[in-house]
Structure formats: C-alpha cells, structure tokens
Amino acid sequence: MGTAEWRAAKSPAYYKRGDYVPGLKVDGMDAFAVKQACKFAKEHVLKNGPIILEMDTYRYHGHSMSDPGSTYRTRDEISGVRQERDPIERIRKLILAHDLATEKELKDIEKQVRKEVDDAIAQAKESPMPAESELFTNVYRKGFGVESFGADRKELRATLP
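Draft legend 1. Geometry of the pairing of strand β1 (residues 23-27). Where β1 meets strand β2 (residues 52-56), five bridges bridge the pair, whose relative direction is parallel. In the strand pairing of β2, Lys25 is matched with Glu54. In this fold, the crossover linking β1 to β2 by way of helix α2 (residues 31-48) has right-handed handedness.

What follows is the structure, encoded as structure tokens:
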C-alpha cells in the first residue's frame, strides 16, 4: 500500500524541509510533548514568524476499507505500539499512578465523553448542510481568506497574506 517514505522523498525529515522556515519534530503520541511543542510554536510564531511542526504518530488501522493495515506490518507490532505508546493509555496510567482519579472515575468520564460524542454526531447528522458561502468562514483571520461575492454569492475570491 503506497510508497515507502524513503523512496518518495529526498528527505523524509519533513520538519527540516521548509527551507527558511524552521521546524520541530515531536512525538505525536506523547500529549505532554505535543502541548510543549505547541506552546513553543505559538511563542515562536508571535515573535519570529512561521514554524513547521511534524507530529510523529502511529496509525493503528489501514488507510481504507480495502487496506486492513496488517499486510505490511504484524499484529504484534500494532499491539506493541498500542501498549507502549498509546497516548490515551499513557495519560490514564499517569493519572492512576499519581492518584488523580480512580479506575471507576475514569470509566465514568469515558462513558460521559462517549455520550457527548454520540450526541454531537446525532446533532450533526440531523442538521442541514451549511451554505457554500460559509465554506471558509472562520478559517483565516479577518480580512484574509476566501470570501464569496456576486449577485448569488457563488463566486469566490481569495485574499492571502
């Protein structure tokens, strides 16, 4: 499935490929590392301009229904990564190790979150599709981005910084 990273790119160190834009590679499976990297990136952007963040994550499943994800890696590899690097499991273990919550409290939180997600999905499915003119609303800062115009508001104009 697909082309190996080392065959597809001259440099698979994507965070270094921004020429004059600095980059940072982060363990995307570590929530604390991601939080620190994002905090650093925000401060950097506000003072110095753009930065590239490459989040190194692991995909547990295949790319699609026709890709089971197990033809190019073993089930042992997948379960090993899930046991060792799963971000939710890492946080859960830390919470329990530091007595911040009990197993029952975590299960109750998970049930509540699942219900909120299910409710949000149901609401989204019941809601009408937004107008095409809303496609880029709140995507870019005010004055930039894509705006619709014309008598029927179906023409789009892009204004980028």
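Still more ground to cover, so stick around.
Draft legend 2. Molecular detail of the nonpolar core. Among the nonpolar cores identified, the biggest contains five residues, and these are Met29, Tyr58, Tyr60, Ile78 and Val81. Not counting chain neighbours up to four residues away, the residues in contact with Ile78 comprise Tyr58, Tyr60, Gly69 and Arg73.

Draft legend 3. A look at the confidence of the model for the protein chain. Here the protein chain averages 85 in pLDDT, while 87% of its residues score no lower than 70. Across the protein chain, the secondary-structure element scoring lowest on mean pLDDT is strand β3 (residues 145-149), at 67, and the one scoring highest is helix α5 (residues 103-126), at 97.

Draft legend 4. Spotlight on the side chain of Arg73. Along the chain, the position of Arg73 falls in the loop between β2 and α3 (75-85). It turns out Arg73 is buried and unbridged, and the closest side chain with the opposite charge, Glu77, is 5.1 Å from it. Side-chain polar atoms of Arg73 contact the side chain of Tyr58, separated by 3.2 Å.

Draft legend 5. A look at the side chain of His44. Inspection of the secondary structure assignment puts His44 in helix α2. When neighbours within four sequence positions are excluded, His44 is seen to be in contact with Pro22, Gly49, Pro50 and Ile51.

Draft legend 6. Structural context of the pattern of salt bridges. Overall, the coordinates contain eight salt bridges when judged by the stated rule. The partner of Lys104 in a salt bridge is Asp108, with the nearest N and O atoms 2.8 Å apart. With Lys104 and Asp108 both in helix α5, this residue pair falls four residues apart, about one helical turn. Under the relative-accessibility criterion, Lys104 is labelled exposed at 58%. Its salt-bridge partner being Arg114, residue Glu110 comes within 2.7 Å of it at the nearest N-O pair.

Parameters and conventions
- Residues numbered from 1 in each chain as written.
- Predicted model: local features only at pLDDT ≥ 70, side-chain atom pairs only at ≥ 80, totals over all residues.
- Heavy atoms only, no water.
- Pairing = 2+ DSSP bridges.
- Helix = DSSP H or I, 4+ residues; strand = E, 2+ residues; numbered from the N terminus.
- Right-handed = clockwise from strand over helix to strand, strands pointing away.
- Core = buried A, V, L, I, M, F, W, Y, C linked by side-chain atoms within 4.5 Å.
- Buried < 20%, exposed > 50% of the residue type's maximum accessible area, 1.4 Å probe, protein only.
- Contact = heavy atoms within 4.5 Å.
- pLDDT = per-residue confidence, 0-100.
- Lys, Arg positive; Asp, Glu negative; His and termini not counted.
- Salt bridge = Lys/Arg side-chain N within 4 Å of Asp/Glu carboxyl O.
- Polar contact = N/O pair within 3.5 Å; in protein donor to acceptor, adjacent residues only side chain to side chain.

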